[in-house]
Structures are given as structure tokens and as C-alpha cells.
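Examining the three-dimensional arrangement
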Amino acid sequence: MAGPLQGVRIVEMGQLIAIPSAMKWLADMGAEVIRLESVQRLESYRTDSLYHNDVEGEFWNRGANFYEQNRNKLGMTLDLSRDEGRAVLRDLLAVADVFAENFTPRVIKNFSLEYEDLRKIRPDIIMVSSTGYGFDGPWSNFGATGPATEGAAGLAYMTGYKDGGPVMSEIPYTDYTAGEHTVAAVMLALMHRLNTGQGQFIDVSQTQTCSATIPEALLDWTVNGRIRERIGNEDPAMSPHGCYPCAGDDRWIAIAIDSDEAWYALCRVMNRPDWAADERYSDVLLRIRYREELDKMLGFETRSHDNHELMAKLQAVGVAAGAVLDSEDLLFNEHLKQRQFYEIVEHHPDTGMPPLPYAGRPWKLSATPAGAPKAAPIMGQHNREILSGLLGKTEDEIEALKEDNIIGDSPLTPRGVRRPSLDEQVRQGRMQRYDVNYAEQVRDWFGI
């Protein structure tokens, strides 16, 4: 596909999110990303959020989260625990610009895939290692998951309500901060190589990418010796400031009053002139003093309003307000639709999946836009194309790799994860709610 990174070839040995998401964005912009996986060990995202929750047949080709993280990539299976598999990888690296992985340093050393090993294959190669805690240091070989790294980054300690404990985000937040930082680092390394002809090693600590998002808290301790308290949805300099209940089931609106003008505008929209006339709320310091009282009063009033309608009224008079959107709200959002944030992607016929909308990039390039999106590969989809077309392997060599299970198009030991019924998942608190006619709604809204 065309794009500003056309001509850049990336070999990705990633799993789950941190590296796959970063390489996805580079693939969106035209880089050729060859994603490696093994028939010996099934990528966990291939079994997660299956289309229609169906574990029959080739379920590993219907994992929604796998499709989200791996669009626009070529897919190849390769058993790197075998000499034959590592030989093929070396052939790939010889014609690659970037090698990206997010395994522990111990695994990379065992595979002889450290940067100095790669330089012997291609001297100007760029290697990206995205690990939980960095490629060196006393924690370098610690196992890493999103919750663990979020805790180690310091973000979890600051997140939560007053008088409560730390609260984790629902998504693995550090994976995404790592992905965004990795994109920037790879682009810098490519620019450096363009100017000098030299490759380099990029060492990404997922924990540190998250710590870098809370520098104010670090500096507050450095210069004042203060540990930030957990404040929930409050803001130390604004009041009212928080999320308030609205009409309907689990509907909310976020409101932030940052000036006296915004306060009086809020009073007018809520039809509460008595609030505006009350001397206890006449300036920001007083409103902060009476924060809890104001939050209760405002929350009582917002309950009778639709959150979208109230957002529009408040925004019209200069009050910062936003309806709190869930997944359904986001998908059927007119603003995002007009901005063409969602892209319709066709899936491989073998999946039995219809075209579906995927979240696009948060940026737009006017001169070098992304090309038409392609679905993530089904397992082993591009084995032959890569081995024959790129590496020049003969038909006999390809068949030998297949017979030895070095490559393949299905896992050797497939195990689908059967989940409870949707009603049971709601009862267990694993989901808020579900919609039985969601597929029809998606087709109608996006015209597919």
C-alpha cells in the first residue's frame, strides 16, 4: 500500500499490544510489516473476543483483538525454536530495515537475536526491543503485564478515589504509551539512518513510557517532597469538576468549571439562579471549599437531563462538558463518522466475517494519507509469498518447512476458550450489557 513509509520493511516478532500496535501504525503509513507467529504456540489474542463468540472451526482466524492490532501486515508462521526456523529469520533480517520484538531479554539472548547478532546479518539494521522494564538493569528479565507495569510506573498509585486504594485502568495502559513512544523512536532512528547510513538499537521500557506521562508528580516530590493524593475526578484548581449522572441507565456527563464565567453559565443552563446568587460559591476558592456540596447539588440536577443534550447546551455557552461515551456511543458517533475515523475492512473469505469498522489513526496527513486498509492476516496467510517471492525459496524447500511444522496455517494444538453465556457474563459483572441486534445496527450505520 502507498504511504510515506513505502519502501520500509519491518520484521515483527511481537505479541499482544506494545509492539503489534506500534507496527500497526507504521504499516498504516505504508511500511511493509512481516509479522511472525508460531504454529507451536497460539498467540493469545487469536483466541480473544472471537467473532460471534464462536469457538468452532478455525476460531483462531476470528479473534477481534488480533485483527485490531495487526491490520495491514503480512503474516508468516515460523518456529524459532528450531535451527531451520532461525535460518529463515536470518534470511528475512538480511533484507529488513527494522526488527521489532517485545519478548524478555532472556528470550532474545536464547534465540541469538541481540542487536550485535543482527548487525552481523545487516550492519545498518534498526532493532527495537520493547520490554516491561528495559533491556538492562536489575528488573530487565521480570515478566511484564499491563497491570504490573502500570503499578511499577507510578500511575496506579495516583489513580483512585479519596480514602480508597490504587485503581488500575481497564485497558493495559502502558502497552499503548509504549506503542506511541515506539513509533516516535523508530521514526527518529529511520531519519538518523537516512542521514548517516547507520542503524541502532532502540531500548523501550514500557514502564518508563508510562512514568513519562506523570512528570508533574515526580517533580512535586523532587522539589517539594510531596506525594500526590488520590483525588478521583476532582481537580485541585477547579470546582465543580467531575462526572455526574444523567437520565438513563449508567449515563454520565463530565463537567469542568474553570472560571467564574463558566460557573455562572452553568447556573443559567441548569436554571439555578439561586446558585449564582449564593455568596458561598462566588469565586473559585469558595467553590473548592464547598466542593462536595456542589458535586451533590449538581449531580441531583443532571439526573433529569440527557447527557448528549446537556453537553450541547453547556458547550454552547462556553462550559467544558462532554458526554461520557461507551463503546456503542463511540461507534455510532456522528462527529467521528464525519471525520472518517472508522475504516471499513474486508476480511479473508475463510473467516466467515463480514466487513467491519475499525478505529483509524488519530492523525491525518494531507499530502501522504494512509492507503486503503487491509485486514490482519489469517494464520500463515503469506508464508508462500514471503518464502518464494521475497526469499527465493523453492517449492521443495517450502514443502519441507511445512512438513517439519516450521511453518503452517493452523496451530498444532488448537484450544478454543469457551465463555459463559452473555447473560451469565452480565451477572458476573464481566460486561455492562449487550445488544442482540448489534450486527444490524453496524451494517445500517456504516452502510455495509
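Residues numbered from 1 in each chain as written. Predicted model: local features only at pLDDT ≥ 70, side-chain atom pairs only at ≥ 80, totals over all residues. Heavy atoms only, no water.

1. With respect to the nonpolar core
- Counting 28 residues, the largest nonpolar core has Met 76, Leu 78 and Phe 99 as the members making the most contacts within it.
- Looking at this core, the elements that each hand over two or more residues are strand S1 (9-13), strand S2 (32-37), strand S3 (74-77), helix H3 (83-93), helix H5 (115-121), helix H18 (383-390) and helix H19 (395-403).
- Considering each element in turn, this core owes the most residues, four residues, to H3.
- Setting aside its immediate chain neighbours within four residues, Phe 99 contacts Val 11, Met 13, Leu 93, Leu 113, Leu 118, Ile 125, Ile 126, Met 127 and Val 128.
- Counting 22 residues, the second largest nonpolar core, distinct from the first, contains Ile 10, Leu 26, Ile 126 and Val 183. (Core = buried A, V, L, I, M, F, W, Y, C linked by side-chain atoms within 4.5 Å. Buried < 20%, exposed > 50% of the residue type's maximum accessible area, 1.4 Å probe, protein only. Helix = DSSP H or I, 4+ residues; strand = E, 2+ residues; numbered from the N terminus. Contact = heavy atoms within 4.5 Å.)

2. Concerning the pattern of salt bridges
- Using the criterion set out here, one finds 33 salt bridges in the structure.
- Two residues, Arg 280 and Asp 278, come together in a salt bridge whose shortest N-O distance is 2.7 Å.
- Judged by its relative accessible area of 34%, Arg 280 falls in the partly exposed class.
- Close ionic contact of Arg 384 with Glu 395 constitutes a salt bridge, the shortest N to O distance being 2.4 Å. Here Glu 395 lies in helix H19 and Arg 384 lies in helix H18, a separation of eleven residues in the sequence.
- Members of the salt-bridge network, linked through shared partners, are Glu 12, Arg 35, Glu 43 and Lys 73. (Salt bridge = Lys/Arg side-chain N within 4 Å of Asp/Glu carboxyl O.)

3. Here we look at the domain arrangement of the protein
- Each assigned domain of the protein is listed here: domain 1 (9-213 + 341-417) and domain 2 (241-331).
- Once you take the C-alpha centre of each, domain 1 and domain 2 turn out to be 43 Å apart. (Domains from an automatic or database assignment.)

4. Overview of the sheet that holds strand S9 (residues 320-323)
- Taken in spatial order, the three strands of this open sheet run S7-S8-S9, and their pairing is antiparallel. Lying at the two open borders of the sheet, with one neighbouring strand each, are strand S7 (241-245) and S9. On average, each strand axis in the sheet is tilted by 20 degrees relative to the strand beside it, whichever way the strands run.
- Direction of pairing for S7 relative to strand S8 (residues 252-256): antiparallel, over a ladder of five bridges. Bridged to Pro 245 within S8 is Trp 252.
- Across the sheet, helix H14 (residues 291-302) is in contact with S7 and S8; its angle to S7 comes to roughly 35 degrees.
- Strands in contact with helix H15 (residues 307-316) are S8 and S9; relative to S9, the strand with the most contacts, it is inclined by about 160 degrees. (Pairing = 2+ DSSP bridges. Axes fitted to C-alpha atoms, helices over the stretch in contact; angles between N-to-C directions.)

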